[in-house]
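In case you want the letters, here they are:
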Amino acid sequence: MLFSVAAVGALIGTGLESGFSEDEETPLVELPTGAGDEIPSSPKWYSGPSPEERAITLRATAGLPPYKNAVPEALAADFLDPNSRIAAAYFTTPDRPDEVLNYYQGALLDAGLPIVQHRYNENSGYVGYMTPHTKEMHMVSALAQGGETTVFVSSGQVVSFVENQGQQVPQGLPLPPGASKPVVLTFHQEGRIRYSVMAEMQAGKVQEVAAFYRRAFEAQGWKIESMSDQNPLQQDLMASRGGSRATAMASQQGAGVRLYVTLDQQE
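Note that this is a predicted model, so its numbers are computed, not measured.

**Q** What am I meant to see in the pairing of strand E11 (residues 244–253) here?
**A** Sheet faces and side chains relate simply in a regular strand, where the side chains alternate between the two faces. Here E11 lies mainly inside the structure; seven of its 10 residues are buried. Note: strand E10 (residues 234–241) against E11, eight bridges, orientation antiparallel. The residue of E11 that forms the bridge with Ala239 is Ala246. The hairpin turn running from E10 into E11, its antiparallel successor, is two residues long, and Gly242 in that turn takes a positive phi close to 65°. Two elements, E11 and strand E12 (residues 256–266), share nine bridges in a ladder whose sense is antiparallel. For Gln253, the partnering residue across the bridge sits in E12 and is Gly256. Taken together, E11 and the strand that follows it, E12, pair antiparallel across an intervening segment of two residues, in which Gly254 is found at a positive phi of about 65°.

Structure representation (structure tokens):
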């Protein structure tokens, strides 16, 4: 459950930084009934040009305190399965991911909430908690990107999604041999559909995974637009075919590899 819940937060974002640490993830501890209901929040801490977007942002930030000078914007809602109501929003800040995560960790602990948290490295991580009587997970993921930090906040019920992984990896989006536990998110927006897939390999090298995707995409008629191979702990590849785009990112995680693969195309 912890892997899948964390994947939900991670897959919403793009460009996860390299160098996952090998620190163990903390276990998800259930809260006493009613815990988390009084977490400080602000009804003004949301924005959006439409009532629908404002509603999504308000849902996403529920149960989480506002961050200084942040104006969250709606990202997506109810994108898992029919029984998993979840909303996600994001904001950017010049603060480092550690500053953001330390703030939320401290605020939640001060509210008496046993949290789940993990720091992949100084550039990325997450913190959150679950309320047992509503089965709602409140998650904050922070990623360093392009000289600033993108923060994804989400709230919703993900138990159904975690327990019933019914979504399949879309046809034409290959996974290398040895990849297991794929988590698939599907986003629909303005006539396009975007699949985001996260999976893990217990053993492997990012260079081997990148080579696999280059061969697989070229065999399907994709044009390789870019391929980053400067970082020995992370390899990134972008490909296009007509009006479709695909990306693959492989990050070394100890002896294994964590994969983030996306496919964006017309519905």
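**Q** What should I look at first to understand the environment of Ser226 in this one?
**A** Tracing the backbone through its elements, the reader meets Ser226 in strand E9 (residues 223–228). Classification of Ser226 by relative accessible area gives partly exposed; the value is 36%. For the pair Ser226 and Met238, spaced 12 residues apart in the sequence, the C-alpha separation amounts to 5.2 Å.

Calculation rules
Residues numbered from 1 in each chain as written. Predicted model: local features only at pLDDT ≥ 70, side-chain atom pairs only at ≥ 80, totals over all residues. Heavy atoms only, no water. Buried < 20%, exposed > 50% of the residue type's maximum accessible area, 1.4 Å probe, protein only. Helix = DSSP H or I, 4+ residues; strand = E, 2+ residues; numbered from the N terminus. Pairing = 2+ DSSP bridges.

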